[in-house]
Amino acid sequence: MRTVRRSALIDRPTPEPSALPRRAPLPAHHPDPVLDVVVPVYNEEQDLEPCVRRLHAHLGETFPYAFRITIADNASTDGTPRIAARLAAELPGTDFIRLAEKGRGRALHTAWSRSRAPVLAYLDVDLSTDLAALLPLVAPLISGHSDIAIGTRLARGSRVVRGPKREIISRCYNGLLRGTLAVGFSDAQCGFKAVRRDVAERLLPLVEDREWFFDTELLVIAERAGLRIHEVPVDWVDDPDSRVRIVSTALADLRGMARLGRALACGRLPLSALRRSGGDLDGALPAGLARQVVRFAAVGVASTLCYLLLYTVLRPVTGAQAANALALLASAIANTAANRRLTFGVRGRGGALRHHLKGLAAFLIGLALTSGSLAALHHTAPGTGHRVELLTLIAANLAATLLRFLLFRAWVFPARRTTGPSAP
């Protein structure tokens, strides 16, 4: 089976289809396979048969719905295709496809695109992840609670056995994702994921990578579109015979991050087509409040230090009130720009002018608070020293910062809500 080569992303935005319908649970008596578990393989003649037989037995004993296992061989040169064909003939509900080109992402893209099962999953052939987590992984998708589910080795409930080298690389990679693309999920690389088919049908055409960055790209796009990602702590034992080439994979991942970041910043991805309609509650719930508070606080500390420095420099030249106004204006513009990108994840130029005008309105409120407190200090205690002025301004800025965060969250950068008729 041959795959069609992807075309490069174009600079102009892709036309956006209608939004996803509201999530719904699958019926209790589903006539067709509910779950399609893809096992992508390349030259795995040693591990393939024990993996598939163990997976088939586990699903037969524990999974309450009909299932399918799809072995996706991408250009193996050993006995893997022969073993896969034999397993497909022997084990009920087992399928086999063969691709002419390598790439785990290519294998998953092809297998998921052709499957009609309402829930699509995949796991690595080495079975590093304990299969006991498979039902908890797919249950939120079957029930209609979530759009995507991922196994995570970095949650508190996870039990992981691996060497320090792989541990450091994994944590650095996920930390880099959080720092550059502002992701909220904890583990992008764990080979244990599932997605609802209606979501996959919209996501897969947007995912450009066909190799190891495929998972990360899919998750980042889904999260930016507001889809619900469920995380399941897993027990995971490192495979010492891993085929991943760390250096080349790391370089490809960095290129993928840069490409995806540019696409998001330029608004080239039709994210609104992935948002839920029909009264989905996701848009009504606070999105990443704790993370936003931490980032807003960090930006606030930096802008406050900038403000105090400017005020100290300008006061001898302009006087206290003018120095306060100029320093606050400059720091407020920088604060709005930083929070727009880092705290609330807004990229590109769309709406930038509106955001800065609203940010200036929040600045005027901060100016009123700080100037008012400064005027009150000079009225009640004439001749107050510079140190008391600074302490007063710090206290006023703290109050203004809290108010500014509330305004930013609710008014300047409101959480996107889905459109459509309300649920009955």
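Residues numbered from 1 in each chain as written. Predicted model: local features only at pLDDT ≥ 70, side-chain atom pairs only at ≥ 80, totals over all residues. Heavy atoms only, no water.

Engineer: Run through the overall build of the protein, naming residues and quoting values.
Structural biologist: Within the protein one finds 12 helices and 9 strands. Across the 424 residues of the protein, 47% fall into the buried class. Pairs at least 24 apart in sequence give 80% of the contacts found in the protein among residues at least 6 apart. (Helix = DSSP H or I, 4+ residues; strand = E, 2+ residues; numbered from the N terminus. Buried < 20%, exposed > 50% of the residue type's maximum accessible area, 1.4 Å probe, protein only. Contact = heavy atoms within 4.5 Å.)

Engineer: How would you explain helix H10 (residues 320-343) if you had to name every residue and give the values?
Structural biologist: When we look at burial in H10, the residues that qualify are Ala320, Ala323, Asn324, Ala327, Leu328, Ser331, Ala332, Asn335, Thr336, Asn339, Arg340 and Thr343. Just beyond H10, the residue with positive phi is glycine 345, at close to 65 degrees.

Engineer: Account for the sheet that holds strand E4 (residues 119-123), naming residues and giving values.
Structural biologist: Reading across the sheet, the 7 strands line up as E3-E2-E1-E4-E7-E5-E8 and stay open at both edges, with mixed pairing between neighbours. The sheet is open, and its two edges are formed by strand E3 (94-99) and strand E8 (229-233), each paired on a single side. For this sheet the average axis-to-axis angle between neighbouring strands, irrespective of direction, equals 20 degrees. Bridge analysis of strand E1 (residues 35-41) against strand E2 (residues 67-74) gives 7 bridges, and the strand direction is parallel. Note on E2: the bridge partner recorded for valine 39 is isoleucine 71. (Pairing = 2+ DSSP bridges. Axes fitted to C-alpha atoms, helices over the stretch in contact; angles between N-to-C directions.)

Engineer: Can you explain the nonpolar core? Please cite residues and give values.
Structural biologist: Trp112, Leu218 and Ile221 are the most contacted members of the largest nonpolar core, which has 43 residues in total. Contributions of two or more residues to this core are made by E3, helix H3 (104-114), E4, strand E5 (148-152), helix H5 (164-181), helix H6 (197-203), helix H7 (214-224) and helix H8 (246-265). Tallying contributions element by element places H7 first for this core, with 6 residues. Leaving out residues up to four positions away in the same chain, leucine 218 has contacts with Trp112, Ile148, Leu203, Leu204 and Val207. Among the nonpolar cores identified, the runner-up in size contains 39 residues, and Leu35, Leu48, Phe67 and Val119 belong to it. (Core = buried A, V, L, I, M, F, W, Y, C linked by side-chain atoms within 4.5 Å.)

Engineer: Just give me the short version of the pattern of salt bridges, but keep the residues and values in it.
Structural biologist: Enumeration according to the criterion identifies 21 salt bridges in this entry. A salt bridge links glutamate 90 to arginine 53, with the nearest nitrogen and oxygen atoms 2.5 Å apart. Residue glutamate 90 is located in helix H2 (residues 80-90), and its partner arginine 53 is located in helix H1 (residues 48-62); the two are separated by 37 residues in the primary sequence. When its relative accessible area of 42% is taken as the criterion, glutamate 90 is described as partly exposed. A relative accessible area of 31% places arginine 53 in the partly exposed class. With its nearest N and O atoms 3.1 Å apart, the salt bridge here joins arginine 104 to aspartate 215. Here the residue arginine 104 occupies a position in helix H3, and aspartate 215 occupies one in helix H7, the gap between them amounting to 111 residues. Judged by relative accessible area, arginine 104 falls into the buried class, the value being 10%. Aspartate 215 sits in the buried class, given a relative accessible area of 3%. Through salt bridges that share partners, Glu49, Arg53, Arg86 and Glu90 make up one connected network. (Salt bridge = Lys/Arg side-chain N within 4 Å of Asp/Glu carboxyl O.)

Engineer: Pulling in residues and values, what's your account of the packing of aromatic side chains?
Structural biologist: Under the criterion given, the structure shown has 6 aromatic pairs. Each ring, one from phenylalanine 63 and one from tyrosine 65, has its centre 5.9 Å from the other, and the planes form 50 degrees; the classification is tilted. Each of the two residues, phenylalanine 63 as well as tyrosine 65, counts as buried. One aromatic cluster is present, formed by Trp112, Tyr122 and Phe214 through successive ring pairs. Seen from the ring of tryptophan 236, arginine 153 lies directly overhead, with NZ or CZ sitting 4.7 Å from the centre. (Phe/Tyr/Trp six-rings, centres within 6.5 Å; stacked < 30°, edge-to-face > 60°. Lys NZ or Arg CZ within 6 Å of the ring centre and 35° of its normal.)

Engineer: Describe the side chain of asparagine 174, listing the residues and the values that go with them.
Structural biologist: The residue asparagine 174 is located in helix H5 in this model. Looking at asparagine 174, the relative accessible area reads 1%, which means it is buried. Once you skip the residues sitting within four places of it in the chain, asparagine 174 turns out to touch Leu154, Ser186, Asp187, Ala188 and Gln189.

Engineer: Go over the confidence of the model for the protein, please, and point to the residues and values.
Structural biologist: Of all residues in the protein, 88% attain a pLDDT of 70 or more, and the chain-wide mean is 83. Low pLDDT, under 50, characterises residues 1-15; the stretch is placed with 25 contacts to residues that sit more than four places away or in other chains. Low pLDDT, under 50, characterises residues 416-424; the stretch is placed with 17 contacts to residues that sit more than four places away or in other chains. (pLDDT = per-residue confidence, 0-100.)

Engineer: Account for the pairing of strand E7 (residues 192-196), naming residues and giving values.
Structural biologist: The side chains of a regular strand alternate, residue by residue, between the two faces of the sheet. The element E7 is extensively covered by neighbouring structure, given that 5 of its 5 residues are classed as buried. Bridge analysis of E4 against E7 gives 5 bridges, and the strand direction is antiparallel. Along E7, the bridge assignment pairs tyrosine 122 with lysine 193. The pairing of E5 with E7 spans 3 bridges and is classified as antiparallel. Residue pairing across strands places isoleucine 148 opposite valine 195, the latter belonging to E7.

Engineer: Go over a nonpolar patch on the surface with me, naming the residues and quoting the values.
Structural biologist: The grouping of Leu176, Val247, Leu251 and Leu254 at the surface amounts to a nonpolar patch, some 360 Å² of accessible area in total. Turning to its location among the elements, valine 247 is positioned in helix H8. A relative accessible area of 63% places valine 247 in the exposed class. (Patch = residues over 30% accessible without salt bridge, like charges linked within 9 Å, V, L, I, M, F, W, Y side chains within 5 Å. Areas by Shrake-Rupley, 256 points an atom, 1.4 Å probe, with all protein chains shown as cover.)

Engineer: Which residues make up the packing of H10 against helix H11 (residues 352-380), and what values do they have?
Structural biologist: Contact geometry of H10 with H11 gives a least axis separation of 9 Å together with a crossing angle of 145 degrees. In this structure, the crossing between H10 and H11 has a hand that is right-handed. A per-class count over the contact of H10 with H11 returns 13 nonpolar, 10 polar and 1 charged. (Left-handed = near helix turned anticlockwise from the far one by under 90°. Nonpolar A, V, L, I, M, F, W, Y, C, P; charged D, E, K, R; others polar.)

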